[in-house]
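Topology and contacts: notes
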Amino acid sequence: MAIDVRPSGQVCGATVTGPDLSQPLDDATIAEIRSAWLEHHVLAFPQQRLTDDDLERFTLAFGPFGDDPFIAPIDGRDHVIAIQRTADETAPLFAENWHTDWSFQEHPPAGTCLYGITIPPTGGDTLFADQHAALDAMPDELRERLEGRRAIHSARGGYAPSGMYGDADSATDRSMSIRPSAEAEATQLHPIVRDHPETGRPGLFGCIGYVIGIDGLDGDAERELLGEWYAWQTRDDFRYRHEWEADMLVMWDNRSVLHRATGGYDGHDRLLHRTTIGASS
Ligand code: SIN
């Protein structure tokens, strides 16, 4: 089946129409979608009426399921989590900091699929930042200081008992099933500048959301470089703002983009189902 790919007109992102994702896809269609995903990094499929079975089948067309720590799956599923907020919820917004999903893992996920079920009439956009574009435009002086260095990634700031979603958060009215754990204290090194594992295109990997330091640096030198890296990689020029609709599936490439949630929908429920595409190697 031919697919139609319409670029967003922003730095990355495209809308895909044509395939019916509630049906199994043939190999040629999967290959076309993969190619568009690698080119545009964020794909939106509007007007798709999907069950959780459909969402899981779509995810598995692009890799194995990834491992989702610290968030309980929804009832009856092992690989679907709910990104959810009720109209009157007062807990801090989930995922409001820029991040790359689960970058603290040894083999971070290739991608994420997020399906819009209940979408507020205003607000709740997801922002993406294209990390190939950010590297391409980076001043040589900053690039030279980052190239060859490895960042120290950890989930501790979020999911350790002392973290943002830790023990103190469990006293809030958060509707998401977050499971903090001492395992979040673990650390993992990844190169800051690295080639995309499938396309070979160089980009920046990771961000202060899960990055707690730079290997081999400390004190002011580490803080300054982390700050300059973050300020550059999240600049407006590298951003795509995604506006949601109900029945829309979005898949993004965690190896190419950062993302973050936004608020602005107090008084309205928001519910999306999320799966993770694991690394294929
Ligand atoms: C996420 O990081 O998975 C959530 C993004 C969003 O809620 O917009």
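Refer to the structure presented above.
Anyway, here's the lowdown on the structure attached to this text. (Residues numbered from 1 in each chain as written. Predicted model: local features only at pLDDT ≥ 70, side-chain atom pairs only at ≥ 80, totals over all residues. Heavy atoms only, no water.)

**Focus on the overall build of the protein chain**
Condition: Here a strand is any run of E in DSSP of at least two residues, a helix any run of H or I of at least four, and the numbering for each starts at the N terminus. C-alpha atoms define the radius of gyration, and 2.2 Å times the number of residues to the power 0.38 defines the globule rule. In this scheme, a residue with accessible area under 20% of its type's maximum is buried, one over 50% is exposed, and one in between is partly exposed, where area comes from a 1.4 Å probe on protein chains only. When checking whether two residues touch, look at their non-hydrogen atoms; a contact exists if any pair is within 4.5 Å. Values of accessible area rely on a 1.4 Å probe in the Shrake-Rupley scheme; residue burial ignores everything except the protein chains shown. Under this rule, positive means Lys or Arg and negative means Asp or Glu; His and the chain ends count for nothing. The atom standing in for a charge is NZ when the residue is Lys, CZ when it is Arg, CG when it is Asp and CD when it is Glu.
Scanning the protein chain for helices and strands turns up 6 helices and 15 strands. Whereas a compact globule of 281 residues would reach a radius of gyration of roughly 19 Å, the protein chain reaches 18 Å, a difference of no more than 12%. Counting every position in the protein chain, which comprises 281 residues, the buried fraction comes to 53%. Across the protein chain, every contact between residues at least 6 apart in sequence was considered, and the portion connecting residues at least 24 apart equals 83%. Per element, the accessible surface of the protein chain, about 12,200 Å² overall, is 46% carbon and sulfur. Taken as two groups, the 23 positive and 47 negative side-chain charges of the protein chain have centres that lie 2 Å from each other.

**Examining the site of the ligand**
Cut-off, in case you're wondering: To be near a molecule or strand, a residue needs just one of its heavy atoms within 4 Å of it. Any pair of nitrogen or oxygen atoms within 3.5 Å is treated as a polar contact; in protein, a donor-acceptor pairing is required on top of that, and neighbouring residues in sequence qualify only through side-chain atoms on both sides.
With respect to spatial proximity, the complete set of residues near the ligand consists of Ile83, Ala95, His99, Thr126, His259, Ala261, Arg270 and Arg274. Interatomic distance of 2.6 Å between a side-chain N/O atom of Thr126 and an oxygen atom of the ligand. Arg270 has a polar side-chain atom sitting 2.8 Å from an oxygen atom of the ligand. Considering the ligand on its own, with 260 Å² of exposed area, one finds that the protein chains cover 99% of that surface. Every element with two or more residues in the shell around the ligand is listed here: β14 (257-261) and β15 (270-277).

**Looking at the pattern of salt bridges**
Basically, it comes down to this: Salt bridge, as used here: a side-chain nitrogen of Lys or Arg that lies within 4 Å of a carboxyl oxygen of Asp or Glu.
On inspection of all chains with the given rule, the structure shows 21 salt bridges. Two residues, Asp247 and Arg49, come together in a salt bridge whose shortest N-O distance is 3.6 Å. Residue Asp247 is located in the loop between β12 (239-242) and β13 (249-253), and its partner Arg49 is located in the loop between β3 (42-45) and α2 (52-60); the two are separated by 198 residues in the primary sequence. Take Asp247: its relative accessible area is 23%, and that puts it in the partly exposed class. A network of salt bridges, in which partner residues are shared, links Arg34, Glu198, Asp253 and Arg255.

**Quick look at the nonpolar core**
Threshold: Buried Ala, Val, Leu, Ile, Met, Phe, Trp, Tyr and Cys residues that are joined via side-chain atoms within 4.5 Å together make up what is termed a nonpolar core.
Membership of the largest hydrophobic core comes to 30 residues, with the highest contact counts inside it found for Val42, Phe94, Tyr159 and Val250. Elements represented by at least two residues in this core include exactly β3, β4 (81-85), β13 and β14. Within the second largest apolar cluster, 25 residues are counted, among which are Ala14, Leu38, Leu249 and Met251.

**What to know about helix α6 (residues 219-233)**
What counts is decided by this rule: By this rule, a helix spans an expected 1.5 Å times one less than how many residues it contains. Arc definition: it is the arc formed by the directions from the helix axis to the C-beta atoms.
With 15 residues, α6 should cover 21 Å at 1.5 Å per step; its first-to-last C-alpha distance of 21 Å lies within 8% of that length. All buried positions along α6 are accounted for by Glu222, Leu225, Leu226, Trp229, Trp232 and Gln233. All buried residues of α6 project into a common sector of 140° when viewed along the axis, lining one side. Within α6, the exposed residues directed more than 90 degrees away from the buried face are Asp220 and Arg223.

**With respect to the environment of Thr118**
By secondary structure assignment, the location of Thr118 is in strand β5 (residues 111-118). Distance in space between the C-alpha atoms of Thr118 and Trp244 is 9.7 Å, their sequence separation being 126 residues. Residues in contact with Thr118, not counting those within four places in the same chain, are Asp269, Arg270 and Leu271.

**Notes on the sheet that holds strand β8 (residues 187-191)**
For clarity, the cut-off: Pairing between strands requires that DSSP locate at least two bridges from one strand to the other. Orientation is described by axes fitted as lines to C-alpha atoms, over the contacting stretch for helices, and by angles from 0 to 180 degrees between their N-to-C directions.
An order of β8-β7-β11 is seen for the 3 strands of this open sheet, with the pairing classed as antiparallel. With partners counted over all chains shown, the strands left at the sheet margins are β8 and β11 (211-214), one partner each. Each neighbouring strand pair of the sheet contributes to a mean axis angle of 30°, computed without reference to strand direction. Bridge count between strand β7 (residues 150-154) and β8: 5 bridges; the pairing is antiparallel. In the sheet register, Ala151 faces β8, and the bridge partner there is His190. Lying on the sheet, α6 is in contact with β7 and β11; it crosses β11 at an angle near 125°.

**Focus on the packing of aromatic side chains**
How we decide: Ring pairs shown here join Phe, Tyr and Trp side chains whose ring centres sit within 6.5 Å, with only the six-membered ring taken for Trp; geometry is labelled stacked below 30 degrees between planes, edge-to-face above 60, and tilted in between.
Going through the model one piece at a time under the given rule, you end up with 14 aromatic pairs. Plain terms: the ring middles of Phe70 and Tyr159 are 5.0 Å apart, the flat faces sit at 10° to each other, and that makes the pair stacked. Residue Phe70 is found in the loop between α2 and β4, and its partner Tyr159 is found in helix α5 (residues 156-159); the two are separated by 89 residues along the sequence. Note on accessibility: Phe70 and Tyr159 belong to one class, buried. Both rings, one in Phe94 and one in Tyr165, keep their centres 5.3 Å apart while their planes meet at 45°; by these two values the pair is tilted. Within this pair, whereas Phe94 is found in the loop between β4 and β5, its partner Tyr165 is found in the loop between α5 and β8, the two being separated by 71 residues in sequence.

**Structural notes on the environment of His268**
Here His268 lies in the loop between β14 and β15. Setting aside chain neighbours within four positions, we find His268 in contact with Arg85, Thr86, Ala87, Pro120 and Pro121.

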